[in-house]
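Each chain is listed here by its residues.
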Amino acid sequence: MSLHTDKVYMRVEPFLDEADLTCRTVAIRKARKQHTCFSLSKETQHMIAPGERYRYECALVDGDFWGEYRICLACLDKFIEQFGGENK
C-alpha cells in the first residue's frame, strides 16, 4: 500500500539537477516486467518487480540526449520522509 497519493509522488523532485529538461513526462506506472530502481542511495540498489508501482520519468536533457529513470514508491517514501518531499 502506498503512503502517499500518486499526485504527491509525481510532484516530488528527487533529483536536484541544473539541467534543462524539455519534453518531460512523469507518470506512476505498474511494472509489467522487472526494472532496475534508480535508487536514491547506491547501497540500496534493487529491482522493481512485475506488478509493483513506480514513478517513471523521461525528458530531453539539455537538448542533447534522452534521460529516463524508474524509481519505486518505497524509495520515494524514504525521500519524502527524509527531505519533506518537495524541493523547489
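The model shown is predicted, which means the values in this text are computed figures rather than measured ones.

Q: Would you explain the pairing of strand S4 (residues 53–61) in this entry?
A: When a strand is regular, its side chains alternate between the sheet's two faces. Burial analysis of S4 places 8 of its 9 residues in the buried class, the great majority of the element. Two strands pair when backbone bridges link them, and strand S1 (residues 21–30) and S4 are joined in this way by 8 bridges, in the antiparallel orientation. Bridging across to S4, Thr22 finds its partner in Leu60. Connecting S4 to the antiparallel partner strand S5 (residues 65–72) that follows it, the hairpin turn spans 3 residues, and Asp62 within it adopts a positive phi of roughly 55°.

Q: How do you make sense of the nonpolar core when you look at a structure like this?
A: One recurring pattern in soluble globular proteins is that nonpolar side chains are buried together. Ranked by size, the top nonpolar core spans 17 residues in total, and within it Tyr9, Cys37, Ile48, Ile71 and Leu76 carry the most contacts. Here this core takes 5 residues from helix H2 (residues 73–83), the largest share from any one element.

Q: Just to check I follow, could you spell out the environment of Arg11 for this structure?
A: Tracing the backbone shows Arg11 in helix H1 (residues 6–11). With 16 residues separating them in the primary sequence, Arg11 and Ala27 have C-alpha atoms 10.0 Å apart.

Q: I tried to follow the environment of Val8 on my own but got confused; where do I start?
A: With respect to the helices, strands and loops of the structure, Val8 is situated in helix H1. For Val8, a relative accessible area of 22% gives the class partly exposed. Between the C-alpha atom of Val8 and that of Leu76, which follows or precedes it by 68 residues, the distance is 9.9 Å.

About the cut-offs
Residues numbered from 1 in each chain as written. Predicted model: local features only at pLDDT ≥ 70, side-chain atom pairs only at ≥ 80, totals over all residues. Heavy atoms only, no water. Buried < 20%, exposed > 50% of the residue type's maximum accessible area, 1.4 Å probe, protein only. Helix = DSSP H or I, 4+ residues; strand = E, 2+ residues; numbered from the N terminus. Pairing = 2+ DSSP bridges. Core = buried A, V, L, I, M, F, W, Y, C linked by side-chain atoms within 4.5 Å.

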